[in-house]
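# Survey of secondary and tertiary structure
Spelled out from the first residue to the last, the chains are:
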Amino acid sequence: MVGLATVFGAGGGTSSYEEVEHTDLVLLWGSNARAAHPIFFHHVLKGIHNGASLIAVDPRRTESAEWADLWLGIDVGTDIALSNTIAREIIVNDLHDTAFIAHATLGFEDYADSVMEWTLERGSEVTGVPADVIREVAHAYAKADRAMICWTLGITEHHNAVDNVVSLINLALLTGHVGTYGSGVNPLRGQNNVQGGGDMGAIPNKLAGFQDIEQDHVARARFEAAWGVSIIPTYGYTLTQMFEAMERGDLTAAYVIGENPASSEADKTHTVELLKGLDCLIVQDIFMTRTAELADVVFPASNSAFESEGTVTNSERRVQRMRKALDPPGNARDDIWIIAQLAARLGHDWGEVTPHAAWEELRTLSPMHAGMSYERLDELGGIQWPCPDESHPGTKFLHARLWADDPAEQGPKAPFSVVVDDPPVDTLTEEYPLRLTTGRRLDSYNTGVQTGGYTSPLRRGESIDVSPEDAERFGLAEGEIVAISSRRGVVEAPVHVDHALRPGLVFMTFHFPDQVDTNVLTIDATDPRSGTAEFKATAVRIDKLPAPVAGGSE
């Protein structure tokens, strides 16, 4: 979201799902969409069946990569090196779109100079991807009539997440693959309303509609008039900065809604210590999570999928209605009702707040949502922002303005970003020789809170997945329980030999923290702009456990 907003001014994916079915090339970078975004991947499969090429960039040969024409088995944390190498190959072979660059972008010369050191040979040495494969990808992407880059946490869960994102956007600007049907740059959201949360202002530097809380004085005044309060024009904390503030003693209370940081945050042991040290911890959730178990107060909330009215916004920026099917059980209440009750007890009586009324207020404050009445959302099956008025159909793809001849219509040009290869913080050594990367499996979700309560024929529990070569190197057998250690802690897990892994790379998930608490291992090195931790690059070792003593008690 931060990278897209940095370049284009709006933190949303540029393209529609429909366009994936009609593009010529999909560059799936750092995303195992087949397992982590299966609904989106159905659109990718339709594109493949319609003749599109799929190129997968991922350290693992994932389920998604198995569908690809090309798989680039990149070394973890070398995405910028690969992007810069592709860019150089495009430029030196005159495959870049010079007309679009001159018309719609800024900073090309500095960017071009910065990538000239990234020869195919150097890029191959740093990334582990063969030089001829990098060359093939560069030429295929640049020559495609329509091409899309899609990414997810494999790009963003690094200490240099924003640089990773803008390095991919650079490639789109270089080739003119943005602002037209079937071409664009798209982050895949891991939940049905991640995009909607950002759109509504659940990020520390923006009001709803991506209006800057410090810089956009007109927007801030509009919100102040509607709410009858003064808004402090200062950016708040990202999640990572909140925990840093807890450690300093500057943040002593937290209100956690629908999140489980006691299991999901990196360096979990330290996270729990900080949560325990708060003067007041409030949790609002539908499950008694590990975080809720630490709380002073727990508000039982409703399930937004079945028990609430409202809207959600998906990865293609489509705002959709959610309709209540069931009443919340017991004393559980709708999130809006809980928040309104809390506001009343803090001296601000909002009266009876309904989801419809909240949305109507939002439409008066966020210009990009102004034309989205409930009636139109129902009639059209959802609307993609921006939708400035009720005669507007919504926007299928973003940034067509960049191609406009009228400077006033075009608006700000899109800047190239000079980005530097920056390896993972947790370095590999003789003591910690293996690179652990983390991700999801199709049958489970995040910390397992929502999926752990039912069984699945696909589920096999947590494991430390290793390559056949490393299994032989360390004398490991399928199912054997081993100790996995990082610089922060140790866990035990069974071994699973996975042919999708290359030597030196191991894989785990966060799905079963009661069984194996993977986040004990991960590092909390974070990107200073996005606040995301480097879940994808932990240095670990595997140790065999002592054999049980004969005749010992169990």
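To be clear, the structure that these remarks concern was listed above.
All figures in this text were calculated on a predicted structure; none of them were measured in a lab.

## Some remarks on the pattern of salt bridges
- Per the counting criterion, the structure on display carries 27 salt bridges.
- The closest approach of N and O atoms between Asp514 and Arg290, which form a salt bridge, is 3.0 Å. Of the two residues, Asp514 is situated in the loop between strand S20 (505-509) and strand S21 (538-544) and Arg290 in helix H17 (residues 290-294); the sequence distance between them amounts to 224 residues.
- By relative accessible area, Arg290 is classed as partly exposed at 22%.
- Put simply, Arg363 and Glu360 hold a salt bridge, and the shortest N to O gap is 2.8 Å. Taken together, the positions of Arg363 and Glu360, both in helix H19 (residues 355-365) and 3 residues apart, correspond to about one turn of that helix.
- The class of Glu360 is partly exposed, set by a relative accessible area of 26%.
- Salt bridges sharing partners connect three or more residues here, namely Lys268, Arg290, Asp514 and Asp517.

## Quick notes on unusual backbone geometry
- The amide bond that connects Trp385 to the next residue, Pro386, takes the cis arrangement and shows omega of 0°.
- Considering the arrangement of structural elements, one finds Pro386 in the loop between strand S14 (383-384) and helix H21 (407-410).
- Located in the positive-phi region is Asp94, a residue other than glycine, with phi close to 55°.
- Inspection of the secondary structure assignment puts Asp94 in the loop between helix H5 (79-92) and helix H6 (98-104).

## Re the pairing of strand S5 (residues 147-151)
- For S5, the buried fraction is high: 5 of the 5 residues fall into the buried class.
- Taken together, the 5 bridges between strand S1 (residues 25-29) and S5 define a ladder with parallel strand orientation. Directly across from Leu27, in S5, lies its bridge partner Ile149.
- Sheet topology note: the S5/strand S6 (residues 184-187) ladder contains 4 bridges and is parallel.

## As for the packing of H5 against helix H7 (residues 108-115)
- Interaxial distance between H5 and H7 falls to 9 Å at its minimum, and their mutual angle equals 110°. With respect to each other, H5 and H7 are oriented roughly perpendicular. Only Phe108, Tyr111, Ala112 and Val115 of H7 make contact with H5, whose side of the interface consists of Asn84, Ala87, Arg88 and Ile91.
- Across the contact of H5 with H7, the residue classes break down as 6 nonpolar, 1 polar and 1 charged.

## A look at the sheet that holds strand S11 (residues 297-300)
- Here we have 3 strands laid out as an open sheet, ordered S9-S10-S11, and parallel in their pairing. On the outer flanks of this sheet lie strand S9 (253-257) and S11, each paired with one strand and no other. Averaged over all adjacent pairs, the angle separating strand axes in this sheet is 10°, with direction ignored.
- Examined bridge by bridge, strand S10 (residues 280-285) and S11 share 4 bridges and lie parallel to one another. Paired with Gln284 across the two strands is Phe299, which belongs to S11.
- Contacting S9, S10 and S11, helix H18 (residues 335-345) crosses the sheet at an angle of about 155° to S9.

## Focus: the pairing of S21
- Relative to S21, strand S16 (residues 434-439) is paired through 3 bridges, and the arrangement is antiparallel. Bridge assignment links Arg435 to a residue of S21, and that residue is Ala539.
- One ladder, built from 4 bridges, connects strand S18 (residues 481-485) with S21; its direction is antiparallel. Looking at the pairing, Ser485 lines up with Arg541 of S21.

## Digging into the sheet that holds strand S13 (residues 318-322)
- Taking strand neighbours across the sheet as the criterion, the 3 strands line up as S12-S13-S14 in an open arrangement whose pairing is antiparallel. Lying at the two open borders of the sheet, with one neighbouring strand each, are strand S12 (310-313) and S14.
- Here S13 pairs with S14 via 2 bridges, running antiparallel. By the bridge assignment for S14, Val319 is matched with Ile383.

## Some remarks on H5
- Counted at 1.5 Å a residue, the expected span for H5 with its 14 residues is 20 Å, and the 20 Å between its end C-alpha atoms agrees.
- Positive backbone phi, approximately 55°, marks Asp94, located one or two places after H5.

## Let's talk about helix H14 (residues 239-248)
- Taken as a whole, H14 has its buried residues at Thr240, Phe243, Ala245 and Met246.
- The secondary structure elements touched by the buried residues of H14 are S9, helix H15 (261-264) and helix H16 (268-276).
- Following H14 by one or two positions, Gly249 adopts a phi angle in the positive range, close to 90°.

## With respect to the packing of H5 against helix H8 (residues 120-127)
- Relative orientation of the contacting elements H5 and H8 amounts to 165°, with a least axis distance of 9 Å. As judged from the angle between their axes, H5 and H8 are roughly antiparallel. In this structure, H5 crosses over H8, and the sense of that crossing is left-handed. Of the residues in H8, those in contact with Ala81, Leu82, Thr85 and Glu89 of H5 are Leu120, Gly123, Val126 and Thr127.

## Notes on the environment of Glu409
- Within the secondary structure, Glu409 sits in helix H21.
- Judged by relative accessible area, Glu409 falls into the exposed class, the value being 56%.
- Here Glu409 is in contact with Arg401 and Ala404, once residues within four sequence places are set aside.

## Considerations on the environment of Glu534
- Examined against the element boundaries, Glu534 turns out to sit in the loop between S20 and S21.
- A residue is classified by how much of its surface remains accessible, and Glu534, at 1% relative accessible area, is buried.
- Along the backbone, Glu534 and Asp443 are 91 residues apart, and their C-alpha atoms lie at a distance of 24 Å.
- Not counting chain neighbours up to four residues away, the residues in contact with Glu534 comprise Glu157, His158, His159, Pro424, Val425, Asp426, Ile523 and Ala525.
- A polar side-chain atom of Glu534 sits 3.1 Å from the main-chain amide nitrogen of Val425.

## Considering a nonpolar patch on the surface
- A surface patch of nonpolar side chains, amounting to about 370 Å² of accessible area, comprises Tyr255, Ile257, Ile339 and Trp350.
- Relative to the helices and strands, Ile339 is located in helix H18.

About the criteria used
- Residues numbered from 1 in each chain as written.
- Predicted model: local features only at pLDDT ≥ 70, side-chain atom pairs only at ≥ 80, totals over all residues.
- Heavy atoms only, no water.
- Salt bridge = Lys/Arg side-chain N within 4 Å of Asp/Glu carboxyl O.
- Helix = DSSP H or I, 4+ residues; strand = E, 2+ residues; numbered from the N terminus.
- Buried < 20%, exposed > 50% of the residue type's maximum accessible area, 1.4 Å probe, protein only.
- Pairing = 2+ DSSP bridges.
- Axes fitted to C-alpha atoms, helices over the stretch in contact; angles between N-to-C directions.
- Parallel < 35°, antiparallel > 145°, perpendicular 65-115°, else oblique.
- Contact = heavy atoms within 4.5 Å.
- Nonpolar A, V, L, I, M, F, W, Y, C, P; charged D, E, K, R; others polar.
- Expected span 1.5 Å × (residues − 1).
- Left-handed = near helix turned anticlockwise from the far one by under 90°.
- Polar contact = N/O pair within 3.5 Å; in protein donor to acceptor, adjacent residues only side chain to side chain.
- Patch = residues over 30% accessible without salt bridge, like charges linked within 9 Å, V, L, I, M, F, W, Y side chains within 5 Å.
- Areas by Shrake-Rupley, 256 points an atom, 1.4 Å probe, with all protein chains shown as cover.

Any link to function would need more than the numbers given here.
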